[in-house]
Amino acid sequence: MRFLLNTCRAYSTSFPVVTRYRIAQLGRVGQIENARQVFDELPNKTVDSWNSIIAGYFQNNQPDEALLLFNKMPEKNIVSWNGLISGYIKNGMVTEAREVFDKMPERNVVSWTAMIRGHVQEGMMGEAVSLFWLMPEKNVVSWTVMLGGLIHEGRIDEARRLFDMMPEKDVVARTNMIAGYCKEGRLSDAREIFDEMPWRNVVAWTTMITGYVQNNRVDVARKLFEVMPVKNEVSWTAMLMGYTQCGRIEAALELFEAMPVKSVVTGNALILGFGQNGEVAKARRVFNQMKVKDDATWSAMIKVYERKGFELKALDLFILMQKEGIRPKFPSLITILSVCASLASLDHGRQVHAQLVRSRFDEAVYVSSVLLTMYIKCGDLPKAKLVFDKFSSKDIVMWNSMISGYAQHGLGEEALEIFQSMFSTGMVPDDVTFVGVLTACSYTGKVKEGLDIFESMKSKYMVEPKTEHHACMVDLLGRAGKINEAVNIIEKMPMEADAAVWGSLLGACRTHAKLDLAEVAAKKLLVIEPENAGPYILLSNIYASQGKWNDVAELRKNMRARSVKKSPGSSWIEVEKIVHMFTTGDIRAHPEHSMIMKMLENLDVLLREAGYNPDGNFVLHDVDEEEKLYSLRYHSEKLAVAYGLLKVPKEIPIRVMKNLRVCGDCHTAIKLIAKVTEREIILRDANRFHHFKDDICSCRDYW
């Protein structure tokens, strides 16, 4: 009987503690309604149970409900008042916390420290310092909070004076000082405190190692790492990232292989490290070896592919990621949008856009800018305009993207209208704006408008013309046949002309048969860009057209000596979310090459009936004079268009992308193909878009 009585007493005594714990637990996991139900059902509510439910409301960002309950409390202790202050501070309501602090019936060191912490967190260091020195009693936590605030504000010398005054310096305070000195680059001061520490935990060691790493002293960091008595995952990660950040990727790999537990974080860092050093295959090897991958792992590998020009592999990995059931998060979605823009993969771009809308990420101005760019580069200008119009608080990047988009699509009037609309919103144009506007004028032959805008840049808009603006003007005047005026622009430039300027002049001279001046421009380009094959080929064509075969031979010799090679022409088209790549002259690489060959033969018949003669239209833009008409027939853009005719439904435009500038023959051919097949064909080359429909191109043959 006595045993039963003791059991009941034990249960009765522990019941409030268990209940209080249950309320606190439910509040922490976000189940505040359930916590309130437990609280309301309590027959006898202790002050501790009141404190627990009030803390729960603060944890769930419901400070008003917390205050209502606080005011209803029949009995309050100092823990109740401190809880109210701490709750307000956790919700960023330091003013309300101060009002409570000022009317507290009594305060203890916890009350003062909480108020100091609140002011520190809000960056109100003046108030924090004043409170600290008014504090009647300070403990090690108070000193450490104040110290951390000064360090965070970069007031490292004040922090050191406070540190020296501390009656008790625990490991946290010392570690904070080490971190502060390292952040300021004062490694000797940091090391002095580290060496004087009576006891160091793993955090102190890792902080000192991280400090060396952040200040490019990775070898010193490694020596310290080697003598570190106990290492944790953070320590290994800090050391490994030190190697990746300074480009010593092999040392990072060696460390990674030695790690007792290979964390996802270190694997991700290694992938990015290999990627930054151009070791894409090794990055993928690490990716494949990782047994556990998170979204950041997939995002890192996709980013490596995207940054190093492996867009197709990035897209394939994104598709595999979704098949594996990994839901892509924001970084992955943004990276793949850039890939979609590069590949003009409109279907995947739309899919990513839908995911961003569902996650409400599309409401951010940065995301809208990326979406805008994606739709422009995919050739879907109406959709780009919808994104642009929908977003009310546009930044300068969005305005510039829309202007450049219209320019690339040959819509000069629309580009100028957007340019004028900027002023009604109070947006001030920058140098990028004027590159877009002048390009629009150049691509559409608006010489007068371009000249007026260029002349007013500095006087009206306070933007100093740069090299790229002069290149736009040379291009504008050169396209219009005003070669002398273009040369005059170059001669008056306040800076040295670069490759873009001479390239614009070369293009104009080639178009208007100014061969002597073209030779001058080409030779300038050879000096500026000796590894670029374009000027060699163009100069070779110029010499060949004049019968200067010795000069042609010498030029070829120089190309071989410098190992200069022409980039192969390649084009691609997306069909049912699969990107098909074509290379000039290499038709058999595609699994459906026989069908494409038959389509090309049928097109040849149709085009010849329409009066097309490739011999007469053969203009050497991106090829040398030895390239055969056979290869011309199988230029990559023609192969992609033929495949589009086979696979893309008639009501949908055929969208083709090319890595080089479209040649004159292909431009004429595709324009006729669009007419005889009654299809709309959109071609994006290295410079701009060409919308072919009804024997008309959007560039008006002015490209």
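- Within an unreviewed UniProt entry, the label attached to the protein reads DYW domain-containing protein, and the organism entered is Gossypium raimondii.
- The UniProt entry for the protein carries this comment under Sequence similarities (unreviewed entry): "Belongs to the PPR family. PCMP-H subfamily."

Quick notes on the overall build of the protein
Argument step 1. Helix and strand counts for the protein stand at 39 helices and 6 strands.
Argument step 2. The C-alpha atoms of the protein give 35 Å as radius of gyration, which overshoots the globular expectation for 703 residues (27 Å, by more than 25%).
Argument step 3. Expressed as lengths along the three principal axes of its C-alpha atoms, the size of the protein is roughly 115 × 55 × 55 Å.
Argument step 4. By the burial criterion, 49% of the 703 residues in the protein qualify as buried.
Argument step 5. Summed over all atoms, the accessible surface of the protein reaches about 34400 Å², with 52% contributed by carbon and sulfur.
Argument step 6. With 88 positive and 87 negative side-chain charges, the protein shows a separation of 4 Å between the mean positions of the two kinds.

A few points about the domain arrangement of the protein
Argument step 1. Along its sequence, the protein is carved into domain 1 (401–522) and domain 2 (570–697).
Argument step 2. Each of domain 1 and domain 2 has a C-alpha centre, and these two points are 30 Å apart.
Argument step 3. If you look at the interface, domain 1 gives 6 residues, while domain 2 gives 6 residues.
Argument step 4. Summed over both partners, the interface of domain 1 with domain 2 buries about 640 Å², with 39% contributed by carbon and sulfur atoms.
Argument step 5. When the area that domain 1 buries against domain 2 is broken down by residue, the three leading residues are His409, Tyr443 and Arg510, summing to 70%.
Argument step 6. Counting the contacts that link domain 1 with domain 2 gives 0 salt bridges.
Argument step 7. Taken together, the connections running from domain 1 to domain 2 amount to 4 residue pairs in polar contact (both at pLDDT 80 or more).
Argument step 8. Considering only residue class, the side of domain 1 that touches domain 2 consists of 2 nonpolar, 3 polar and 1 charged.

Looking at the confidence of the model for the protein
Argument step 1. In the predicted model, the protein carries a mean pLDDT of 85, and the fraction of residues at 70 or more is 94%.
Argument step 2. Predicted confidence for residues 615–630 stays below pLDDT 50, and this span has 39 contacts to residues more than four positions away or in other chains.

Considerations on the packing of aromatic side chains
For any two aromatic rings, the description comes down to two numbers: the centre-to-centre distance and the angle of the planes.
Argument step 1. In the structure shown here, the tally under the stated rule is 18 aromatic pairs.
Argument step 2. A centroid spacing of 6.4 Å and a plane angle of 85° characterise the contact between Trp133 and Trp143, whose relative ring orientation is edge-to-face. Of this pair, Trp133 sits in helix α8 (residues 125–134) while Trp143 sits in helix α9 (residues 140–152), placing them 10 residues apart in sequence.
Argument step 3. Residue classification places Trp143 among the buried residues on the basis of a relative accessible area of 9%.
Argument step 4. When the ring of Phe419 is compared with that of Phe434, the centres are 5.6 Å apart and the planes differ by 70°; the resulting orientation is edge-to-face. Highlighted residues: Phe419 in helix α26 (residues 412–424) and Phe434 in helix α27 (residues 431–443), separated in sequence by 15 residues. Taken as a pair, Phe419 and Phe434 share a single burial class, namely buried.
Argument step 5. A network of ring pairs unites the aromatic residues Phe419, Phe423, Phe434 and Tyr461 as a single cluster.

Considering the UniProt feature "repeat: PPR" (unreviewed entry) in the protein
Argument step 1. Taking the UniProt record as the reference, the feature "repeat: PPR" (unreviewed entry) is found at residues 46–76, 77–111, 139–173, 201–231, 232–266, 294–328 and 395–429.
Argument step 2. In this annotation, residues 77–111 is assigned 71% helix and 0% strand; the end-to-end C-alpha distance for the span is 12 Å.

Here's the deal with the pattern of salt bridges
Side-chain pairs of opposite charge can arise whenever the charged atoms involved come near each other.
Argument step 1. Under the counting rule described, the total for this entry stands at 22 salt bridges.
Argument step 2. For the salt bridge of Asp164 with Arg160, the shortest nitrogen-to-oxygen distance reads 3.1 Å. With Asp164 and Arg160 both in helix α10 (residues 156–165) and 4 residues apart, this pair spans about one turn of that helix.
Argument step 3. We classify Arg160 as buried; its relative accessible area is 19%.
Argument step 4. One salt bridge connects Glu637 with Lys658, and the closest N-O pair in it is separated by 3.0 Å.

Structural notes on helix α31 (residues 499–511)
Argument step 1. Here α31 contains 13 residues, and its C-alpha end-to-end distance of 18 Å stays within 8% of the 18 Å for a straight helix at 1.5 Å per residue.
Argument step 2. What α31 keeps buried is the set Ala499, Val501, Trp502, Ser504, Leu505, Leu506, Gly507, Ala508 and Cys509.
Argument step 3. Each element contacted by the buried residues of α31 is listed here: α29 (467–479), α30 (483–491), α32 (515–528) and α33 (533–545).
Argument step 4. Looking one or two places after α31, you find Ala513, whose phi comes out positive at around 55°.

Brief notes about the sheet that holds strand β4 (residues 681–684)
Argument step 1. Reading across the sheet, the 6 strands line up as β2-β1-β3-β4-β5-β6 and stay open at both edges, with mixed pairing between neighbours. In this open sheet, the two edge strands, each paired with only one partner strand, are β2 (578–583) and β6 (696–697).
Argument step 2. Two elements, strand β5 (residues 689–693) and β6, share 2 bridges in a ladder whose sense is antiparallel. Its bridge partner being in β6, Lys693 is matched across the sheet by Ile696.
Argument step 3. Packed onto the sheet, helix α38 (residues 636–647) meets β1 (570–575), β2, β3 (654–658) and β4 and runs at close to 15° relative to β1.

A closer look at the pairing of β3
Argument step 1. In terms of residue burial, β3 counts as a mostly covered element, since 5 of its 5 residues are buried.
Argument step 2. Residues Ile654, Val656 and Lys658 of β3 are buried on one face, and the alternating residues Arg655 and Met657, pointing to the opposite face, are buried as well.
Argument step 3. Relative to β3, β1 is paired through 3 bridges, and the arrangement is antiparallel. Bridging across to β3, Ser571 finds its partner in Lys658.
Argument step 4. Sheet topology places β3 next to β4; 4 bridges connect them, and they run parallel. Along β4, the bridge assignment pairs Met657 with Arg684.
Argument step 5. Taken together, β3, helix α39 (residues 664–677) and β4 constitute a β-α-β crossover, and its handedness is right-handed.

Remarks on unusual backbone geometry
Argument step 1. Positive phi, normally seen in glycine, also occurs at Met462, with a value near 60°.
Argument step 2. What makes Met462 exposed here is its relative accessible area of 68%.

Side note on the packing of helix α14 (residues 218–227) against helix α15 (residues 233–245)
The relative placement of two packed helices is expressed as an angle between their axes plus a distance between the axes.
Argument step 1. Contact geometry for α14 and α15: axes closest at 10 Å, N-to-C directions at 155°. Considered as vectors, α14 and α15 are oriented roughly antiparallel to each other. Every pair of crossing elements has a handedness; the one defined by α14 and α15 is left-handed. Residues Val218, Ala221, Arg222 and Phe225 of α14 form the contact with α15, whose own contacting residues are Ser235, Trp236, Met239, Gly242 and Tyr243.
Argument step 2. When grouped by side-chain class, the residues that make up the contact of α14 with α15 number 6 nonpolar, 2 polar and 1 charged.

Cut-off values and rules
Residues numbered from 1 in each chain as written. Predicted model: local features only at pLDDT ≥ 70, side-chain atom pairs only at ≥ 80, totals over all residues. Heavy atoms only, no water. UniProt positions renumbered as here; feature names shortened; annotations may be inferred. Helix = DSSP H or I, 4+ residues; strand = E, 2+ residues; numbered from the N terminus. Rg over C-alpha atoms; globule rule 2.2 N^0.38 Å. Buried < 20%, exposed > 50% of the residue type's maximum accessible area, 1.4 Å probe, protein only. Areas by Shrake-Rupley, 256 points an atom, 1.4 Å probe, with all protein chains shown as cover. Lys, Arg positive; Asp, Glu negative; His and termini not counted. Charge placed at Lys NZ, Arg CZ, Asp CG, Glu CD. Domains from an automatic or database assignment. Contact = heavy atoms within 4.5 Å. Buried area = accessible area lost by both parts, 1.4 Å probe. Salt bridge = Lys/Arg side-chain N within 4 Å of Asp/Glu carboxyl O. Polar contact = N/O pair within 3.5 Å; in protein donor to acceptor, adjacent residues only side chain to side chain. Nonpolar A, V, L, I, M, F, W, Y, C, P; charged D, E, K, R; others polar. pLDDT = per-residue confidence, 0-100. Phe/Tyr/Trp six-rings, centres within 6.5 Å; stacked < 30°, edge-to-face > 60°. Expected span 1.5 Å × (residues − 1). Pairing = 2+ DSSP bridges. Axes fitted to C-alpha atoms, helices over the stretch in contact; angles between N-to-C directions. Right-handed = clockwise from strand over helix to strand, strands pointing away. Parallel < 35°, antiparallel > 145°, perpendicular 65-115°, else oblique. Left-handed = near helix turned anticlockwise from the far one by under 90°.

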